[in-house]
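Each chain is listed here by its residues.
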Amino acid sequence: MEKKSKVEQTVENCIAHILADTPYEIYDVEYVKEGSEWFLRIYIDKEDGVDLDDCENVTDLINDPLDELDPIKEPYYLEVSSPGVERKLKNNAHFRRVVGEKIYVRFFGPLNGRKEAIGILHEVKEKSIVITVDGDRLEIPFEKIAKANLSVF
């Protein structure tokens, strides 16, 4: 499971307070460099889904407080969006939300002769998840997960 950078954690803490009394919740925060540009990506969710107006509303709510907090010294682009239908699963809370749904998991190294698996998520434990793949139950330690996301196919 991925650990958040100091910038990501600071930004998440700041905007969590701002969004506390709104229908929005923070799904994830990413601060990444792509080429020579830096991007601060805020993924939001709400019970009935996120649309473009929601992204604009949240951008308006968080823009000034982020400027005041100034957690990022270099120029960056702020993007607010939905985590999408094939959303990344990065922590226990993300996995718990999708119990009973089909997920894709890629491993850091082979696990039971596999490099990846697609199956139904049955259980989220403290240090692992359990999925059913081709009728077999497979327990996957979080430390072995390189990437995981919902699978719509």
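Our subject is the structure listed above.
Residues numbered from 1 in each chain as written. Predicted model: local features only at pLDDT ≥ 70, side-chain atom pairs only at ≥ 80, totals over all residues. Heavy atoms only, no water.

This part is about the packing of aromatic side chains. In total, this model carries three aromatic pairs according to the counting rule given. Aromatic side chains Tyr-31 and Trp-38 sit 4.5 Å apart centroid to centroid with 15° between the ring planes, which places their arrangement in the stacked category. Just above the ring of Phe-39 sits the side chain of Arg-41; from NZ or CZ to the centre is 4.8 Å. Seen from the ring of Tyr-27, Arg-87 lies directly overhead, with NZ or CZ sitting 5.0 Å from the centre. (Phe/Tyr/Trp six-rings, centres within 6.5 Å; stacked < 30°, edge-to-face > 60°. Lys NZ or Arg CZ within 6 Å of the ring centre and 35° of its normal.)

Another point: unusual backbone geometry. Phi angles above zero are rare outside glycine, and Asp-70 is one such case at about 50°. For Asp-70, the position within the fold is in the loop between helix 2 (52-69) and strand 3 (77-81). The class for Asp-70 is partly exposed, based on a relative accessible area of 38%. (Helix = DSSP H or I, 4+ residues; strand = E, 2+ residues; numbered from the N terminus. Buried < 20%, exposed > 50% of the residue type's maximum accessible area, 1.4 Å probe, protein only.)

Spatial strand order, 1-2-3: three strands in an open sheet with mixed pairing. Two strands close off the open sheet at either side, each with one partner strand: strand 1 (25-34) and strand 3. Across the sheet, the mean angle separating the axes of adjacent strands is 20° when strand polarity is ignored. Where strand 1 lies against strand 2 (residues 37-45), nine bridges are found, and the strand directions are antiparallel. Across the sheet, the residue bridging to Val-29 is Ile-42, located in strand 2. Lying over the sheet, helix 1 (residues 6-19) contacts strand 1 and strand 2, oriented at roughly 145° with respect to strand 1. Taken strand by strand, helix 2 contacts strand 2 and strand 3, and its axis lies near 140° from that of strand 3. (Pairing = 2+ DSSP bridges. Axes fitted to C-alpha atoms, helices over the stretch in contact; angles between N-to-C directions. Contact = heavy atoms within 4.5 Å.)

In this section: the pattern of salt bridges. Enumeration over the complete set of coordinates arrives at 16 salt bridges. Ionic pairing is found between Lys-90 and Asp-28, a salt bridge with its closest N-O pair at 2.8 Å. Pair noted here: Lys-90 is in the loop between strand 3 and helix 3 (92-97) and Asp-28 is in strand 1, with a separation of 62 residues, a long-range link. Taking relative accessible area as the criterion, Lys-90 reaches 11% and is therefore assigned buried. By relative accessible area, Asp-28 is classed as buried at 6%. Salt-bridge contacts for Glu-79 lead to Arg-41; the nearest nitrogen and oxygen are separated by 2.6 Å. Of this pair, Glu-79 sits in strand 3 while Arg-41 sits in strand 2, and the two are 38 residues apart along the sequence. A single network of salt bridges, built from pairs that share partners, joins Lys-4, Glu-12, Asp-28, Glu-30, Lys-88 and Lys-90. (Salt bridge = Lys/Arg side-chain N within 4 Å of Asp/Glu carboxyl O.)

In short, shape yes, function no, at least from these values alone.
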